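Listed below are the residues making up each chain.
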Amino acid sequence: MKKGVLLNSEISAVISQLGHTDQITIGDAGLPIPSLAQRIDLALTQGIPSLISVFNVVTQEMQIEAAFLAEEIIDHNPLIHQLILTQIKELEKQQGNSITVDYISHNMLKEKTKHSRAVIRTGEHSPYANIILCAGVTF
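By the naming in an unreviewed UniProt entry, the protein is D-ribose pyranase, taken from Photorhabdus luminescens subsp. mexicana. Under the Pathway (unreviewed entry) heading, UniProt states for the protein: "Carbohydrate metabolism; D-ribose degradation; D-ribose 5-phosphate from beta-D-ribopyranose: step 1/2."

Now the structure itself:
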């Protein structure tokens, strides 16, 4: 049995296959998932699992160099926005690199998910709670 934090085999496989600048998306329960992207559906019920809990586990296995958020999260979901920024600051310390956070329109974020290697659907039920993570390198 795997000893690490990330036990989900589908997510683990996707992360192990990522190259530099490849992207994965972690989305709320309502984010449309492009038909060509691998769908990893973790949603159980409203709020379970939360976007932040999935983000925390995924980023323990994945080297991150950049992230995309919908600019609408700033005004429409300040709590989740602040939690994400706090986690990114902590992740920068753990990884020893800076992580660029870019804000794009929600429509552009949905369009950008078409380039994600996988979209992880959470049970998050709050507006604009979606993040696209770009893989970095560990050297």
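Caption draft 1: Quick look at the UniProt feature "active site" (unreviewed entry) in the protein. With numbering aligned to this structure, UniProt lists the feature "active site" (unreviewed entry) at His20. Those residues within four positions of His20 in sequence are excluded, and the remaining contacts are Glu65, Ala135, Gly136 and Val137.

Caption draft 2: Layout of the UniProt feature "binding site: substrate" (unreviewed entry) in the protein. In this structure's numbering, the residues bearing the UniProt feature "binding site: substrate" (unreviewed entry) are Asp28, His106, Tyr128, Ala129 and Asn130. Their sequence span is 103 residues, while the largest C-alpha to C-alpha distance among them is just 12.6 Å; these annotated residues converge on one region. Each residue touching His106, except ones within four places of it in the same chain, is listed here: Leu31, Ala70, Glu72, Tyr128 and Asn130. Tracing the chain through its elements places Asn130 in the loop between strand S5 (118-121) and strand S6 (131-135). Those residues within four positions of Asn130 in sequence are excluded, and the remaining contacts are Ile26, Gly27, Asp28, Leu31, Leu51, Phe68, Leu69, His106 and Leu109. Side-chain polar atoms of Asn130 contact the backbone nitrogen of Asp28, separated by 2.8 Å.

Caption draft 3: Examining the pairing of S5 more closely. Relative to S5, strand S1 (residues 23-27) runs parallel, the two being bridged by four bridges. Along S5, the bridge assignment pairs Gly27 with Arg121. Of the strand pairs in this sheet, strand S2 (residues 38-41) and S5 are connected by four bridges, and their pairing is parallel. The residue of S5 that forms the bridge with Gln38 is Ala118.

Caption draft 4: Spatial organisation of the pattern of salt bridges. The final tally for this structure, using the stated rule, is five salt bridges. Across the pair Arg39 and Asp41 runs a salt bridge whose closest N-O atoms are separated by 4.0 Å. Accessibility expressed as a relative area gives 44% for Arg39, which makes it partly exposed. In this structure Asp41 comes out as partly exposed when scored by relative accessible area, which is 39%. A salt bridge links Lys114 to Glu111; the shortest N-O distance between them is 3.0 Å. In the salt-bridge network here, residues are joined through shared partners; they are Arg39, Asp41 and Arg121.

What counts and how
Residues numbered from 1 in each chain as written. Predicted model: local features only at pLDDT ≥ 70, side-chain atom pairs only at ≥ 80, totals over all residues. Heavy atoms only, no water. UniProt positions renumbered as here; feature names shortened; annotations may be inferred. Contact = heavy atoms within 4.5 Å. Helix = DSSP H or I, 4+ residues; strand = E, 2+ residues; numbered from the N terminus. Polar contact = N/O pair within 3.5 Å; in protein donor to acceptor, adjacent residues only side chain to side chain. Pairing = 2+ DSSP bridges. Salt bridge = Lys/Arg side-chain N within 4 Å of Asp/Glu carboxyl O. Buried < 20%, exposed > 50% of the residue type's maximum accessible area, 1.4 Å probe, protein only.

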